Amino acid sequence: PQIYIVRNGDQWQWSDETFKSIPRLHQELFVYDINSLIRRLPAWMQVKYFGMATWQLVALLALALFWFLLRTLISFLVTGQIRTVMRRLRIRWGDELLATVGNPAGALIATLVIIGVWPILRLPVQLNKIALVGLRGVVSLALVWILYRVVDLFTSWLIQKAEASESKLDDQLVPLIQRALKVFVVCIGVVFVLQSLDYDVAGLLAGLGIGGL
């Protein structure tokens, strides 16, 4: 362990290794040193409400607005880039489904950026823990959402191929493949989301078994 105590006679003391690791641990947790900036804020920004200073509440609102704008921008850029590549490759299928992939991609990247700058807020420990679990949950849901929509893109390509063939069997197989892939993505996604929320899924997986999955 990086942080531990040792016994010295009848007393418990922090170990020398723990003291030496404090600067490194602080640097890992607080990448951006904003103490001097906080001290220069006006007194009314230091007033606390519900255990948080006014500047923290303002920063939370600013981050929420920043997340929305960044998600919209990234979604627009991702959709535009994919559409450009598809046109260069003369791919006609799935153009109407690109927005359904761009939106979760924007949410994924924007949330990862928010997680990166989150330590700046210096929120209380318990609130910080809950918020980070929620943000990780958003990342997991966005990944599952992306895979779910990729299935629609893939089956859109299969439908185009099936319509070009004379056989009717593949026309019946494509919807079955689409449903099977979506069920698989949802099952794996549920496990992935639960794990990101610090839920122990080992027992759940052991109970379901390979056949259940």
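Definitions and cut-offs
Along each chain, numbering runs from 1 in the same order as the chain's sequence is written. Only residues with pLDDT of 70 or above have their local features reported here, since the model is predicted, and side-chain atom pairs are shown and tallied only from 80 upward, although totals for entire chains, interfaces and linings are computed over all residues. Calculated side-chain values reflect all of the structure's heavy atoms, with hydrogen atoms and water omitted. Put simply, DSSP H or I for four residues or longer makes a helix, DSSP E for two residues or longer makes a strand, and each gets a number counted from the N terminus. For the area figures, the Shrake-Rupley method with a 1.4 Å probe applies, and any residue is considered shielded solely by the protein chains shown. Each nonpolar core is a collection of buried residues, namely Ala, Val, Leu, Ile, Met, Phe, Trp, Tyr and Cys, held together in the definition by side-chain atoms within 4.5 Å. Burial classes follow relative accessibility: with a 1.4 Å probe on protein chains only, a residue under 20% of its type's maximum area counts as buried, one over 50% as exposed, and anything between as partly exposed. We call two residues contacting when some pair of their heavy atoms lies within 4.5 Å. A helix is expected to reach a length of 1.5 Å times the quantity of its residues less one. Fitting one axis to the seven residues ending at a residue and another to the seven starting there, the bend at that residue is the angle between the two axes. For this analysis, a salt bridge means a side-chain nitrogen from Lys or Arg found within 4 Å of a carboxyl oxygen belonging to Asp or Glu. The patch calculation keeps residues exceeding 30% relative accessible area without a salt bridge and links them within 9 Å when they carry like charges or within 5 Å when they are nonpolar (Val, Leu, Ile, Met, Phe, Trp, Tyr). Paired strands, as defined in this entry, are two strands with at least two bridges between them according to DSSP. The term polar contact refers here to a pair of N or O atoms within 3.5 Å; inside protein, the definition further demands a hydrogen-donor-capable atom paired with an acceptor-capable atom, and it admits residues adjacent in sequence only when both atoms are side-chain atoms. Think of a 1 Å grid over just the protein atoms. A cavity is a set of points where a 1.4 Å probe fits yet cannot get out, a pocket is an open set with protein on both sides within 12 Å along at least five of seven lines, and lining residues have an atom within 4 Å of a point. Grid points are joined across faces, edges and corners, and a volume is the space filled by probe spheres set on the points. The nonpolar class holds Ala, Val, Leu, Ile, Met, Phe, Trp, Tyr, Cys and Pro. Asp, Glu, Lys and Arg form the charged class, and all remaining residues, Gly among them, are polar.

Assigned secondary structure in the protein consists of eight helices and four strands. In sequence order, the protein lays out its α and β elements as β-β-α-α-α-β-β-α-α-α-α-α. Accessible area of the protein: about 14,800 Å², with a carbon and sulfur share of 68%.

Turning next to the nonpolar core. Residues M52, A59, L63, I114, W118, L121, L123, A131 and L135 constitute the largest nonpolar core, which totals nine residues. Listing elements by their share of this core, those giving two or more residues are α4 (54-88) and α6 (125-164). Residues in contact with I114, not counting those within four places in the same chain, are L63, F66, W67 and L135.

So, about helix α1 (residues 16-29). Taking 1.5 Å per residue, 14 residues should reach 20 Å; α1 reaches 20 Å between its end C-alpha atoms and fits that length. Of all the bends in α1, the largest measures some 40° and sits at I22, one to four residues before the proline P23. Within α1 the residues assigned to the buried category are T18, S21 and L25. In this structure, the buried residues of α1 make contact with β2 (11-14).

Our focus in this paragraph is the pattern of salt bridges. Counted according to the given criterion, the structure contains two salt bridges. Put simply, R149 and D152 hold a salt bridge, and the shortest N to O gap is 3.0 Å. Taken together, the positions of R149 and D152, both in helix α6 and three residues apart, correspond to about one turn of that helix. Taking relative accessible area as the criterion, R149 reaches 25% and is therefore assigned partly exposed. Residue K182 pairs with D152 through a salt bridge whose shortest N-O separation is 2.9 Å. Here D152 lies in helix α6 and K182 lies in helix α7 (residues 169-196), a separation of 30 residues in the sequence. Judged by relative accessible area, which is 17%, K182 ranks as buried.

The grouping of I3, I5, W12, W14, F19 and I22 at the surface amounts to a nonpolar patch, some 680 Å² of accessible area in total. Taken together, the elements giving at least two residues each to the nonpolar patch come down to β2 and α1. Along the polypeptide, W12 turns up in strand β2. Given a relative accessible area of 54%, W12 falls into the exposed group.

Checked against the element boundaries, F192 lands in helix α7. Once the C-alpha coordinates of F192 and V144 are considered, the two residues, 48 residues apart in sequence, prove to be 8.5 Å apart.

A few words on the pairing of β2. Judged from the four bridges that link them, strand β1 (residues 5-8) and β2 form a sheet pairing that is antiparallel. When the bridges of β2 are listed, I5 appears paired with W14.

You can see S15 is positioned in the loop between β2 and α1. A distance of 3.2 Å separates a polar atom in the side chain of S15 from the backbone oxygen of Y4. Within polar-contact distance, the side chain of S15 engages the side chain of T18 at 2.7 Å. Once residues within four sequence positions are removed from consideration, S15 is found in contact with Y4, I5 and V6.

Our focus in this paragraph is the side chain of R71. With respect to the helices and strands, the residue R71 is situated in helix α4. Residues in contact with R71, not counting those within four places in the same chain, are N103, G106, A107 and A110.

Let us look at the layout of surface pockets. Estimates place the volume of the largest pocket at around 260 Å³. As for the largest pocket, its lining consists of 12 residues, of which L29, F30, P119, N128 and L132 are closest to the centre. For the lining of the largest pocket, the secondary structure elements donating two or more residues are α5 (98-117) and α6. Of the residues forming the lining of the largest pocket, the biggest block, three residues, is contributed by α6. Partitioning the lining of the largest pocket into residue classes produces nine nonpolar, two polar and one charged.

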